[in-house]
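Structural overview for review
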Amino acid sequence: MERSMQKQLYSISRESSPGGRRLSMPAAADNTRKSFFGGNANLGHSPLPGGLKKTALNNSRLSLSARSTTQSIPGIRSDYNVVESYGHALPVAVNEALTFAGPGASTVSAKITQSGWAWIVQGRRLLIWQYKESSGGVKTGSPPRLGKQLRRAGTSAQCRELTLPYSDIGHKSELVSVFQTEGQQMASCIAISATGEVRYWASIAHDNNSVDISILTGQEFVQLLNLPTQQGYLAITSTCTLVFLRVGLTSGRYTLHHKTIKPATSFLGGFGKRFASMLIGMNSGSDRDQLLVGMCSESDTKNGESVVAVLSDRALQRWRLSNKGNTEQLIYEDVDLLRKIRDMLLFKFWNVRVPNDNVEVDLHFMDFHVVRGNYYILVGAVNPAHTPQMYYAIVVAKAEAEGMQLECFTPLKLNKFYSNKTVQECLSVRIIVGPSHMYLYTPKVIYPLLLSNAAPTAEMEAEKVEFHLHEDRILSAAVCNHLPLFFSRTHGLVSITPGDFDSTDLLNMSSCNTPDLFAPISFNASFSAPDQSMLGDSSNSLPMYQLDPDDVYTELNNEVGQLKAAFLYRLKRNNNMVNTIIADLMESIAESDPKGAPLDAYKLDRVVITIAEDLAEDLPIADPRWQSAIEEYEGNRHALGGSRSMQIINQLRDKSIALQHFIDFLHFSAVWEKLNAIPCGSNVLKPTAYILSDISEKIVAATALRAMQSKMPKLVDEAIDITVAQWDEKPQGSLTTQDIFYVKLCKFQCIFGAFADMADDRITAQNRTTASVAQFVADINSIVLGTLGQVLRFREQNVSSFKLTANSYENQPWTAMSGPAGAHDALTRLIEISVRYAAQCVNETEQKHMLYQQILELADIVLEGRKNYLESVRDTEKFQVLQQQFESQRRDLISMLIKERQYECAAKLAEKYLDFQSLVLICDETQDKDRLDDYTRKYEEYDFSQFAINWHLRQQRHGEVFERFKGNQTALAQFMRDHPSLGWIQLIFNGDFERGAKVLFELAQCETEYVARKKSMLSLSKLAAFAAAEVDLTAQVEKINAELVIIEYQSHLGHDVLQNFGFDATDQKVLKVEEIINLFIAEENESATEVEFRKALELLSYVDQPYDLRHKIWCAIIRRDNWTDYDTNNALDYIHKLLFYKVIELSQLMGQECDSVLPPMEDFLDSAELGELPQKKSFQYLLKLAYEYVGDMFKHTEDMDL
């Protein structure tokens, strides 16, 4: 089923694709090159439609068969995307719940959020964990990035388990919200059962500390939305009834409040609902309720309003909420949008012109998202009268002031058999929307769809990411930090990123003629002086000088023929004819097609590329061995790149010169300024100038390889044989594989993969790695480096020759491209082989040094290509992802050298590519403090010193920071400003105990998070104050003692009390004196005795205005006992049982006077905190009796003292 889905989803004909427009040219001018080697001539080069050779003029989607496999996780099949584990490892409890779910496995639901929290629901069990930490900002001027893409850590995240409220209907993860506000130590959670039972946990660490409430019984809740701006939550039922929930705090206790949002009378009310049902064309009865599709938070305005969109199967509502959810407004209810969707479905899939009310179509709205102001709706439709098939489409709409505007309707080439047995399968399709791709997914398969102008392009030939293990399925998906994340039942959280840099970069670029092109050996002509470009006696002997431009123009009779003729006229210095033909050519290209075909914006670029490829791959016309091929291929009669030489090296030289003349002609005729970029892949535009540069460079590479072939003939010959065999080409007659290889230069990069294969085969053939294998690998490396060295020198010398004249584009030359179209993968393989099977296995110092030098040069080529490509996409959406990938490979390559203790090689790469972490590691392992100081001065503009200091802190080596950087006081001073919590260490280290004591005391005063940390700071401050013998810090020590006393009182609070109020009893936060007093006297502190209340009274000495607080304490003491129901005959005995008396008695024992303990009795008789108690005579009597008795008790004590 899934395979058929993929095939149908993307099986749109190329002719109908905008990228597949063809040039209208006479068939007689067909330049399609046929096979002249007895093999498959179309391998990597498909025939051009409309008369142009190869695929330069065919902008169809590229073949997926040429892309490399980048599967990362066993059990997940992906050919062209990198699928990696993401975030912390799943907690053990979560793994057990997913693995041993038993018969209820299908009822397990999960949710992942952008905020970093995830949870699963299994029955009434709610398991919550944090899959990624919140990341801080990274300094913008520093090249080394400290924040990297979060990969799977070795340890699992901590899991919290909560118990959901009882419900007859199963719980769902969509009805749970986990959140953590600023300053909150532990996250909170709110959950709703389908039947309307709401439960709120102030801290997910305490399952038993929750608040419950029942709302809107009789309906089924299906979704819960967190609205931070409104400080509440929006719940919605299956019939689109909205309920706003808010958590309050009353008298130290959390409470839940709810409000049903009443929809205003609208078009869908009463008769309007029935009419809308008929208008939209639903099959169900007109009296049934509307069914919810989804609810999304659209946006938050600057004035604190939240806009929420609700999509049902009848209409789309937009609500505005404000004033913390107390005010709501229905902006509008749009029915017309769904009618338009129905009409589009009828027209696109069944060619039914609207309006047509006789066609019954079942619409199924399956998913709904609002991303960056765009409304994305996944809809399916079934026409039972026509065929039992469900068709799918993606709708993109925008919200206007008066209603919804349909922006885009994209039908997917997907249909599934629809029946009672397959209905769940048909409705299981969902979407998530990222910055550049939309991901269509089912429980087993993911399909990436490219977004173009916010709309999905269903015509791209995407691959599918398949979760093919039997028990595996996708439970949830979300986009977090622009990265698509999927929650797999078997693998946990996984991320999907395009293989290498971008998924389209892995396509076979030769099919759009991008990198499969090449260049002359020396090419530095000045295009500002065009007369110089045609001079030189050596070039006048080229066969193209003997071609008649009139014959070329007449016989070809198309755009290619026109440009070729103009080029030949330029060689003959007939500039008037050049200008005339170019003018006609431009007019022809700009003309609209008489048959009404769309104008091809890339026609000129494809014509130029076609001629350049001709120059590179034209056959040697004087070689008799090629005669049959030349006769078979009519296009060779006008070949511009043909050579009369019998020697391959001279043939390459002639092609180089011919291509140089052609590029010079493009500049002279001003065609160069009109060149643009052509699509290569699904979303990549490659400038024609860069394509011509690739062509030139491949000729340079071929020339360099041919020159080295005489020195190492055996290796090069074998590599050429392997390459030609992989092309499925067979030499005919007396031709050799070398003849074929040096003609088909558009695929020259394949030779590097052949060299890597040779090294692998040699290693496999040996039982153990020997010195001969190491030498074999070294010889291959020298050939590859020699070839690419000439290419890089040519690129550096001729950078101005291929400079763009207008917009900037991505620049990824063929040497840096992955897959069969480039050399990157082969170079990476050679690096790995050289390290594992060569350098590590030789003992000879000289050979080992040579191998590591080769590894250094290969790694330099790889990183240089990626760095340049990264710079070319700096201002695009993909920059962040590509930078992470670049830094990852940079770290891998350099750390590999550090591991082998090749510190100098590693340092060269780290210095060039600004890998500061590796530089610090090198200095640390070599114990080279001088080098560290040099780097600090050299990279001062990048704040290298701060990076190095932070590195030491991450390694938990705080003490070494001040030792290693004591000579750099500027860096340490900046570090102290940025990290005041550690600055005191330097002061103590320098013996400045007075300032150290003051800094520690200030830090302790500012500490509000952990009381243990504050106590440590106060203790260290006190110790430093005692050490500062020359200064009297008595006043500061007294303040420290007072703070320590308060902390000591806090330590006497019971764990139960702290947990009841949502505090972490283990890692306690710093409480204020008032908070400690309130916890001592709280009604929830049921175990409190006269000792706790006495401590509360003692804490009054640390409060600035203690009178009101003292009154509050005594009122709490009085409320602990019954003051009205007692035996008046034994009132004095009853007084002894009162907590009131026990506190006074304890105070007396501690030597406190009565006046300082008790407030005036009138304060209690007039107290509002005691409610109606002061008006009761029994209370007044007992209170006065207690005051009289206590007064006598204190007086008797004083008399005894006398």
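Scoring rules and cut-offs
- Residues numbered from 1 in each chain as written.
- Predicted model: local features only at pLDDT ≥ 70, side-chain atom pairs only at ≥ 80, totals over all residues.
- Heavy atoms only, no water.
- UniProt positions renumbered as here; feature names shortened; annotations may be inferred.
- Pairing = 2+ DSSP bridges.
- Helix = DSSP H or I, 4+ residues; strand = E, 2+ residues; numbered from the N terminus.
- Axes fitted to C-alpha atoms, helices over the stretch in contact; angles between N-to-C directions.
- Buried < 20%, exposed > 50% of the residue type's maximum accessible area, 1.4 Å probe, protein only.
- Parallel < 35°, antiparallel > 145°, perpendicular 65-115°, else oblique.
- Left-handed = near helix turned anticlockwise from the far one by under 90°.
- Contact = heavy atoms within 4.5 Å.
- Nonpolar A, V, L, I, M, F, W, Y, C, P; charged D, E, K, R; others polar.
- Phe/Tyr/Trp six-rings, centres within 6.5 Å; stacked < 30°, edge-to-face > 60°.
- Lys NZ or Arg CZ within 6 Å of the ring centre and 35° of its normal.
- Salt bridge = Lys/Arg side-chain N within 4 Å of Asp/Glu carboxyl O.
- Core = buried A, V, L, I, M, F, W, Y, C linked by side-chain atoms within 4.5 Å.
- Domains from an automatic or database assignment.

The protein is annotated in an unreviewed UniProt entry as Nucleoporin Nup133/Nup155-like N-terminal domain-containing protein from Drosophila virilis. Turning to the protein, the UniProt record has this under Subcellular location (unreviewed entry): "Nucleus".

Some remarks on the sheet that holds strand S8 (residues 188–192)
Ordered in space as S7-S8-S9-S10, the four strands form an open sheet in which the pairing is antiparallel. In this open sheet, the two edge strands, each paired with only one partner strand, are strand S7 (176–179) and strand S10 (210–214). Across this sheet, the average inter-strand angle for adjacent strands is 10°, counted without regard to direction.

Concerning the sheet that holds strand S15 (residues 292–300)
Taken in spatial order, the four strands line up as S15-S16-S17-S18 in an open sheet, and their pairing is antiparallel. Strand pairing shows two members of the sheet lacking a second neighbour, S15 and strand S18 (327–334), which therefore form its edges. Across the sheet, the mean angle separating the axes of adjacent strands is 20° when strand polarity is ignored. Here S15 pairs with strand S16 (residues 306–312) via seven bridges, running antiparallel. Bridged to Leu292 within S16 is Ser312.

Notes on the pairing of strand S23 (residues 430–433)
Bridge analysis of S23 against strand S24 (residues 437–441) gives four bridges, and the strand direction is antiparallel. By the bridge assignment, Ile431 is partnered in S24 with Leu440. Joining the antiparallel neighbours S23 and S24 is a turn of three residues.

Structural notes on the pairing of S7
Burial along S7 is two-sided: the residues Val176 and Val178 and Ser177 and Phe179 are all buried. Pairing between S7 and S8: four bridges, direction antiparallel. Of the residues in S8, the one forming a bridge with Val178 is Cys189.

Here we look at the packing of helix H13 (residues 688–709) against helix H17 (residues 771–797)
Between H13 and H17, the shortest axis-to-axis distance is 9 Å and the interhelical angle comes to 140°. Compared by their axis directions, H13 and H17 come out oblique. Judged by the sense of rotation from one axis to the other, the crossing of H13 with H17 is right-handed. Contacts from Ser696, Glu697, Val700, Ala701, Ala704, Leu705 and Met708 in H13 reach Ser782, Ile783, Gly786, Thr787, Gln790, Val791, Phe794 and Arg795 in H17. Taken together, the residues of the contact of H13 with H17 break down into eight nonpolar, five polar and two charged.

Looking at the packing of aromatic side chains
Inspection of every chain in the model, using the stated rule, returns 35 aromatic pairs. Where Phe916 meets Phe944, the ring centres are 5.2 Å apart and the plane angle is 85°; that geometry is what we call edge-to-face. With a gap of 28 residues between them, Phe916 in helix H22 (residues 916–926) and Phe944 in helix H24 (residues 944–954) connect regions that are remote in the sequence. Seen in terms of ring centroids, Tyr935 and Tyr939 are 6.1 Å apart; in terms of plane orientation they differ by 35°. Their pairing is tilted. Given the relative accessible area of 3%, Tyr935 is considered buried. On the accessibility criterion, Tyr939 (4% relative accessible area) is buried. Lying over the aromatic face of Phe668, Arg570 brings its terminal NZ or CZ to 3.8 Å of the ring centre. The ring centre of Phe776 lies 4.6 Å from the NZ or CZ of Arg762, which sits over that ring.

What to know about the pattern of salt bridges
For side chains of opposite charge, pairing can occur when their charged atoms come near one another. If you walk through the whole model with that rule in mind, you get 36 salt bridges. A salt bridge links Glu174 to Lys111; the shortest N-O distance between them is 3.5 Å. Here Lys111 lies in strand S3 (residues 109–112) and Glu174 lies in the loop between strand S6 (159–163) and S7, a separation of 63 residues in the sequence. Between Lys912 and Glu864 there is a salt bridge, and its shortest N-O distance comes to 3.3 Å. Of this pair, Lys912 sits in helix H21 (residues 903–912) while Glu864 sits in helix H19 (residues 845–872), and the two are 48 residues apart along the sequence. On the accessibility criterion, Lys912 (39% relative accessible area) is partly exposed. Its relative accessible area of 27% is what places Glu864 among the partly exposed residues. Here the salt bridges do not stand alone but share partners, grouping Asp336, Arg339, Lys340 and Asp343 into one network.

Things to note about unusual backbone geometry
With the exception of glycine, the majority of residues adopt a negative phi angle, and the majority of peptide bonds are in the trans configuration. Here the phi dihedral of Leu216 falls at roughly 45°; this positive angle occurs in a residue that is not glycine. Within the secondary structure, Leu216 is located in the loop between S10 and strand S11 (221–227). Notably, Asn481 is not glycine yet its phi reads approximately 50°, a positive angle. Tracing the backbone shows Asn481 in the loop between strand S28 (474–480) and strand S29 (483–488).

Here we look at the nonpolar core
Among the nonpolar cores identified, the biggest contains 132 residues, and Met544 and Phe662 are the most heavily contacted of them. The leading source of residues in this core is H17, at 12 residues. Per-domain counts for this core show at least three residues from each of domain 3 (511–530 + 537–675) and domain 4 (916–977). Ranked by size, the runner-up nonpolar core spans 55 residues in total, among them Val1057, Phe1093, Tyr1134 and Met1161.

Concerning the packing of H21 against helix H23 (residues 929–938)
Contact geometry of H21 with H23 gives a least axis separation of 14 Å together with a crossing angle of 15°. In terms of their interaxial angle, H21 and H23 are classed as roughly parallel. Regarding H21 and H23, the two cross each other, and that crossing is right-handed. Contacts from Glu904, Ala907 and Glu911 in H21 reach Arg931, Tyr935 and Lys938 in H23. Classifying every residue of the contact of H21 with H23 gives two nonpolar, no polar and four charged.

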